[in-house]
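Coordinate analysis (summary)
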Amino acid sequence: NTSADLEQTDFKPNGQKTKSLLKRLEWGGNVQSQRARAYFPVTSDIGLSLGYKLNDKSVVGMGAAYKLGWGSGWRDIQISHQGVGLRSFLDLKLKGSLFLSGGYEMNYRSLFHSLDQLRNHSAWQSSGLIGGSKKYQVSKKRKGSVQLLWDFLSYQQMPRTQAVLFRVGYSLK
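The rules behind the values
Residues numbered from 1 in each chain as written. Predicted model: local features only at pLDDT ≥ 70, side-chain atom pairs only at ≥ 80, totals over all residues. Heavy atoms only, no water. Phe/Tyr/Trp six-rings, centres within 6.5 Å; stacked < 30°, edge-to-face > 60°. Buried < 20%, exposed > 50% of the residue type's maximum accessible area, 1.4 Å probe, protein only. Salt bridge = Lys/Arg side-chain N within 4 Å of Asp/Glu carboxyl O. Helix = DSSP H or I, 4+ residues; strand = E, 2+ residues; numbered from the N terminus. Patch = residues over 30% accessible without salt bridge, like charges linked within 9 Å, V, L, I, M, F, W, Y side chains within 5 Å. Areas by Shrake-Rupley, 256 points an atom, 1.4 Å probe, with all protein chains shown as cover. Lys, Arg positive; Asp, Glu negative; His and termini not counted. Charge placed at Lys NZ, Arg CZ, Asp CG, Glu CD. Core = buried A, V, L, I, M, F, W, Y, C linked by side-chain atoms within 4.5 Å. Contact = heavy atoms within 4.5 Å. Pairing = 2+ DSSP bridges.

Structural notes on the packing of aromatic side chains
Counting across every chain of the model gives 2 aromatic pairs. Note on W150 and F152: the rings are 5.8 Å apart at their centroids and 55° apart in plane angle, and the pair reads as tilted. Using a relative accessible area of 38% as the deciding quantity, one classes W150 as partly exposed. Its relative accessible area of 39% is what places F152 among the partly exposed residues.

Structural notes on the pattern of salt bridges
Under the criterion given, the structure shown has 6 salt bridges. The partner of K67 in a salt bridge is D45, with the nearest N and O atoms 2.8 Å apart. Here the residue K67 occupies a position in strand β3 (residues 58–73), and D45 occupies one in strand β2 (residues 42–55), the gap between them amounting to 22 residues. Here R87 makes a salt bridge to E105, at a shortest N to O gap of 3.5 Å. Here R87, found in strand β4 (residues 76–95), pairs with E105, found in strand β5 (residues 98–108); they are 18 residues apart in sequence, far enough to count as distant. Each member of the salt-bridge network shares a partner with another, and the members are R87, E105 and R167.

A look at a positive patch on the surface
Side chains of K12, K19, K23, K57, K93 and K143 sit close together on the surface and give a patch of like positive charge. Along the chain, K23 falls in helix α1 (residues 21–24).

Focus: the nonpolar core
The nonpolar side chains of soluble globular proteins are, as a tendency, buried together. Among the nonpolar cores identified, the biggest contains 5 residues, and these are V84, Y108, F112, L118 and W124. With residues up to four places along the chain from it excluded, the contact list for L118 reads V84, Y108, F112 and W124.

Considerations on the pairing of β4
Sheet analysis places β4 next to β5, joined by 11 bridges and oriented antiparallel. By the bridge assignment for β5, V84 is matched with Y108. The antiparallel hairpin formed by β4 and β5 contains 2 residues in its connecting segment, where G96 sits at a positive phi of about 60°.

Regarding the side chain of T43
Along the polypeptide, T43 turns up in strand β2. Judged by its relative accessible area of 3%, T43 is buried.

Comments concerning the environment of L100
Mapped onto the elements, L100 comes out in strand β5. Accessibility expressed as a relative area gives 37% for L100, which makes it partly exposed. Sequence separation between L100 and S58 is 42 residues; the distance between their C-alpha atoms is 9.5 Å. Non-local contacts of L100, meaning those with residues more than four positions away in its chain, are made with L90, D91, L92, L94, I130 and G131.

The values reported here are purely geometric and, on their own, carry no functional implication.
Structure follows, in structure tokens:
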């Protein structure tokens, strides 16, 4: 066999295999706000996440979110606990800084005063998300991201939740 006989492949070794566990972790956070509607006040979701780089092109992870209520408008500002959420996600690199993003979330979307109220499983709503992400460099060590996601399970919710989500994120690493 000569080198001319060998077939060229697009094989690229997994660059994450040589890294330690801590170097493969990605800490992140994001913020998403919603305007007031009939059943909901103005809210902001503040989320934290932890991702694990499977390889150079994919990240899988989980996270949690807190839903902060702001009241019904500028004349009625009231800070309240409007809910919490648990998240899982998968990001697959498409090209450059564009990613295909998907995830599953369980959200408690009701006002609560104690953690015991969160044990009511029937009050939790599920969300199935799919969409795209754009990651960009903020500084030498920090990255930001914007996501546009479609919640394909939102049509089953009562009261109906927002079907299209726009999130702005930031890596904490």
